Amino acid sequence: MENITVKIDGKSISVPKGSTVLDAARAAGVYIPTLCHMDNLQSIGACRVCLVEIEGSRALQTACTYPADDGMSVRTTTPRVRSARRTVVELMLSAHNQECTTCGRSLNCELQKVARQLGIQQSRFEGEKPGAVIDESTASIVRDSSKCILCRRCVTVCRQVQGVGALSPAKRGFDTVIVPAMKKELADVACVLCGQCVSVCPVNALHEKESITDVWEAIADPGKHVVVQTAPAVRAAIGEEFGMPPGSRVTGKMVAALKAMGFDRVFDTDFTADLTIIEEGTELISRIQGGGTLPMITSCSPGWIKFIEHFYPALLPHLSTCKSPQQMFGALAKTYYAEKMNLRPEDIYVVSIMPCTAKKYECTRAEMESAQGVPDVDAVLTTREAAKMIREVGLDFANLDNQDFDLPLGISTGAAVIFGATGGVMEAALRTVYEILTKETLANIDFTAVRGLEGVKEATVQVGELPVKVAVANGLSNARRLMDKVSSGEADYHFIEIMCCPGGCLGGGGQPIPTTEEIRKARMQAIYEEDASLPIRKSHENPAVKALYDEYLGEPLGHKSHKLLHTSYTPRSQYPETADEEAVSILVE
Amino acid sequence: MAVTRREVRLCNCRESITTGYSGAPVILRHAETPVFNFDTLKRVLESADRTVICRAACQSALTERGGSSSVGEVWQAAQAAGTVICNAAGFEPGCFKERVLLETSPFRLIEALAIAGYAADAREGIIFLPQQGGMPERIQSVIAEAQKEGFLGRNIQNSGFNFNIRVFAGTGGYICREESALRQLMQGSRAEPMPENGEPPIIHTIEALFQAAEIVENGASPERDTRLFSVSGDVLYPGLYEAPYGSTLRELIFRFAGGMADGGRLKAALVGGPGGICAGAPDIDRRLESKDLPPGSGAITVLSQSRCMVDTVQGIAAFFKDESCGLCTPCRVGTKRLHEVLSWWKSGAGDAADLKLVQGLGEVMQDTCGCSVGRSAANIFMTSLGHFYNEYQMHLAQKSCPANVCRPESKEI
Ligand code: SF4
Ligand code: SF4
Ligand code: SF4
Ligand code: SF4
């Protein structure tokens, strides 16, 4: 590709043609603050913090949108630039609900960081602030307009990455607000609660609905037996919350921290991930052999489930009926484990630590109640919330000694660990389905064709006589591409894995902020390293799962399994059913 | 075919095109109005090829907003443009040339747009009308008539040229003067200026289209280099005037618009609309041209001594606060703060030190906003400081309004 040479603060740098001034500055190692920019996704010059002086241009320009040109000379630190950036941020602060000491994003807030970096002591501007609209309508996500800086990142991610389009700007000028399309509240629209908007929000205008207080209360309640399960992707990321580099594997420290916090048992969602593979693999085999609906599609990602219910209800028969590993765990905890421990289901309190905001909603679904009158999972914490609780008890996380999960729901395999990465469920299923069907041992269990961050991956795997065609998508706009193919009958796959979030659960909406492409890669590497390091790497070889079938469940897809481990789905509308007049009037304005 | 239609052409007259900008009926003061029968379009289709027309229009003095290319150059650069857009939504307080031309000369507009379409090798013309005063039904019926008579549609006048025009009546507001905002709106998105990939669309103002058509018809000549000026405010005959480019403010106010109304004395003139320049009485002999007093949209709002500057500027600030699209920070918050602070000053709050802070805010808005709307929102305030600094000072330090418009003593905040 053709290169051009640009001068940034006197330093010449060669960058590919088509780069922006921001790209060039980064290549030159010059830091330019940004608030609305997202690499490869959004460059709209909305926040106007990345101002620079371009020789020959009368006004200042935004580096994120301005095309770099051969021979161009750019200044990024002149008094004019610094003063303009400062004024812009002061204006932003004058319309912002500044309460950093009690704010959930304090110390990890991009606005705070930029304000400090620009040396702002206080905003010189006074005046009306936008009214605070707090939307707590869903089980997962809270919107707080008083913190919103209108950077539009959430809008773009929801539209372009997730293909949902639940959020849009409404009204104009100072009254501009980001609102769920057509409606006032998130619960009224086809939002899938994935939390990708939370993940990119630079401030605390979007955050998860916290369950921290509930969990502390349960732990403090002597009448409650509190068990915690941790999802595969959490261990590959939670270290970041404590200053460790992305990709740090901290499973043992995480278990140690949770034990120190007072949970009665620390278990592993990986156990039920293995169980999912047995149930789902068996279901796939029976669909292939019995002429059931194909392609079969995975069902462990609750954001994805809500998405298909809203946008492709006709394809619901394609979904595996398996509950997600989190819900299988909850169901077993309140039945199998309760019986084993001689506890009443209502005395067991199940906490999940998940990389996901949609899991908070999943556990409230009416179907997720296996023992009479009690939910299978009582509270879901995101990775971020878990880290907050660990900080609250003052643990020096990075220096904790490793500890092991408790038995029996803490035993798992490498196949379960890779559930955390896109393609992982597929790979885990292939390892098991292959061996069950062919009754041979796999020579190479690494199905690398389904690994990696690409949006859609396809592979054909020879299983005995049968070439099994599979496809994997991560991020819902990629899922859409596959679903459109399935709808039109073009897709001749046997099995499709869909993960709602880019990169799979490792990039979930509940993971540490920020989550960038680089960080996704690092977390992914940690996950595959963890898999490779484990003695058992196939779900059907998990001894605890085998014991569970022997002692309790009987056989895969058996009567008990059906009752506890499988579920059903609800077609939903893609459009709001009833128009809310006040919200409609926002649109009309 | 004897079609009798009264249409205005530019460069035909040196007098007012109309008086009474605020309402119909329109009285045309210049001598005769030609009979309209798409002569120019016919001639273009019969004899000229695309290149010839483009070259002719290159001499049009009007350049498109924000650009440096003449209308003809824009056409020349177009490679099978597909669409040419006439943006008739430039309405702003004090500017009514769009409305007058739409009202008086819809056929000429159709003709001018068809010529542009032919020159730019386009298939479709779109007339973007503002929500208020755009008269979509009237324009629609004129389009239908032109279609019936074979001046729009397939194979126009057996020339092989296919061209149709449709009306797009938008709700986008003032921001639609920004081309990329208009494009967003036409694509069904919110009207806001988003960076765009690909070829920019061909968008002309109505005045530029008229002028280009005129030059294609008659050729360019220095005395045909005119502009439309909307003169309003405290003058005897507010109206739309066509005057030579480079006329002085004095000529516009005193020769064309009949001088000050009600025996008032000139205090200031806002040249170029709410985002223009505040000229004081000493500027009266300056020329309305880009190297002296840039006329911008051609709106000239004349203020007599009975007006208060702080009050006037506060009104303009209110306009921008309401019209900011809300995309970028310095405009979204800056226009709000500017309006708030001027309102405080009017009511007697604030002190002299504020002035410096707000001046700094104005500078940053001019320097950093994302589009011409925000960049010009503080212009009148900033330029008014030159002639009327003392008037601000009196509001702030002495809590008095020399024009007796504000009530700075009723300090309340
Ligand atoms: S969002 Fe950031 S700047 Fe705003 S209160 Fe929270 S920490 Fe402070
Ligand atoms: S949670 Fe997901 S679907 Fe809902 S608004 Fe955020 S990004 Fe969109
Ligand atoms: S909610 Fe967050 S991401 Fe969305 S516009 Fe506001 S500040 Fe930006
Ligand atoms: S300057 Fe104002 S009108 Fe223009 S893009 Fe920014 S907010 Fe919108």
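Along each chain, the written sequence defines residue order, and numbers are assigned to residues from 1. The lettering of chains begins at A and the numbering of ligands begins at 1, in the order of writing. Whole-chain, interface and lining totals are the exception, using all residues; otherwise, since this is a predicted model, local features are given only for residues with pLDDT of at least 70 and side-chain atom pairs are given and counted only at 80 or more. Side-chain figures throughout are based on the complete set of non-hydrogen atoms in the structure, without hydrogens or water.

A separate point is the side chain of Thr76(A). By the secondary structure assignment, Thr76(A) is in the loop between strand S5 (73-75) and helix H2 (79-94). Any pair of N or O atoms that falls within 3.5 Å is considered a polar contact. Within protein, one atom must be able to donate a hydrogen and the other to accept it, and sequence-neighbouring residues count only if both atoms are side-chain atoms. A distance of 2.6 Å separates the side chain of Thr76(A) from the side chain of Asp9(A), its partner in a polar contact. Secondary structure counts use DSSP, requiring at least four H or I residues in a row for a helix and at least two E residues in a row for a strand, with both numbered from the N terminus.

To continue, consider the interface of chain A and chain B. Throughout, a residue-residue contact means that at least one pair of heavy atoms, one from each residue, lies within 4.5 Å. Taken residue by residue, the interface counts 35 residues in chain A and 31 residues in chain B. When chain A packs against chain B, close to 2,600 Å² is buried across both sides, 57% of that on carbon and sulfur atoms. The largest contributions to the chain A side of the interface with chain B come from Leu91(A), Arg172(A) and Phe174(A), which together make up 25% of the buried area. Any Lys or Arg side-chain nitrogen located within 4 Å of an Asp or Glu carboxyl oxygen qualifies as a salt bridge. In this assembly, chain A and chain B are joined by three salt bridges. When two components associate, each loses some accessible surface as probed by a 1.4 Å sphere; the sum of these losses over both components is called the buried area.

Residues and elements named next belong to chain A. The pairing criterion for strands is at least two bridges between them, as found by DSSP. With parallel pairing, four strands are arranged side by side in an open sheet as S12-S11-S14-S15. Of all strands in the sheet, those bounded by a partner on one side alone are strand S12 (265-268) and strand S15 (379-382). Going from strand to strand, the sheet's axes swing by 25° on average, the running direction of each strand aside. Where strand S14 (residues 348-354) lies against S15, four bridges are found, and the strand directions are parallel. Counterpart to Met 354 in the pairing with S15 is Thr 382. Contacts from helix H10 (residues 325-341) reach strand S11 (225-230), S12, S14 and S15, with the element oriented near 150° to S14. The axes are straight lines fitted to the C-alpha atoms, using for helices just the contacting stretch, and the angles between their N-to-C directions are given from 0 to 180°.

Attention shifts here to the site of ligand 3. All names here are of chain A. Around ligand 3 sit Cys 148, Ile 149, Leu 150, Cys 151, Arg 152, Cys 154, Ile 178, Cys 201, Pro 202, Val 203, Ala 205 and Leu 206, and those are all the residues in its vicinity. In this analysis the probe radius is 1.4 Å and the grid spacing 1 Å, with only protein atoms considered; a cavity is a set of points the probe fits into but cannot get out of, a pocket is an open set with protein on both sides within 12 Å along at least five of seven lines, and lining residues have an atom within 4 Å of a point. Cavity and pocket membership follows a simple rule, namely that a molecule belongs there if more than half of its atoms are within 2 Å of the grid points. In this structure, ligand 3 is accommodated by the second largest cavity. Note on residue categories: nonpolar means Ala, Val, Leu, Ile, Met, Phe, Trp, Tyr, Cys or Pro, charged means Asp, Glu, Lys or Arg, and polar means any other residue, Gly included. Counted by class, the shell around ligand 3 contains eleven nonpolar, no polar and one charged residues. Whether a residue is near a molecule or strand is decided by its heavy atoms; if any one of them lies within 4 Å of it, the residue is near.

This brings us to the environment of Ser221(B). All names here are of chain B. Along the chain, Ser 221 turns up in the loop between helix H8 (206-218) and strand S6 (226-233). Between buried and exposed lies partly exposed: a residue is buried under 20% and exposed over 50% of the maximum accessible area for its type, with that area taken using a 1.4 Å probe on protein chains only. Residue Ser 221 is classed as partly exposed on the basis of its relative accessible area of 21%. Residues Ser 221 and Gln 59, spaced 162 residues apart in sequence, show a C-alpha to C-alpha distance of 8.9 Å.

Moving on, we get to the domain arrangement of chain B. Often the size quoted for an interface is simply the accessible area lost on bringing the parts together. Residues and elements named next belong to chain B. Parsing chain B into structural domains produces domain 1 (32-222), domain 2 (226-304) and domain 3 (309-398). A separation of 35 Å is found between the C-alpha centroids of domain 1 and domain 3. Listed per partner, the contact involves eleven residues of domain 1 and eight residues of domain 3. In total, domain 1 and domain 3 occlude about 850 Å² of area from one another, counting both sides; carbon and sulfur atoms represent 70% of this. Counting across the interface, domain 1 meets domain 3 through zero salt bridges. The interface formed by domain 1 and domain 3 contains three residue pairs in polar contact (both at pLDDT 80 or more). Split into classes, the residues belonging to the side of domain 1 that touches domain 3 amount to six nonpolar, one polar and four charged. The split of the chain into domains comes from an automatic or database domain assignment.

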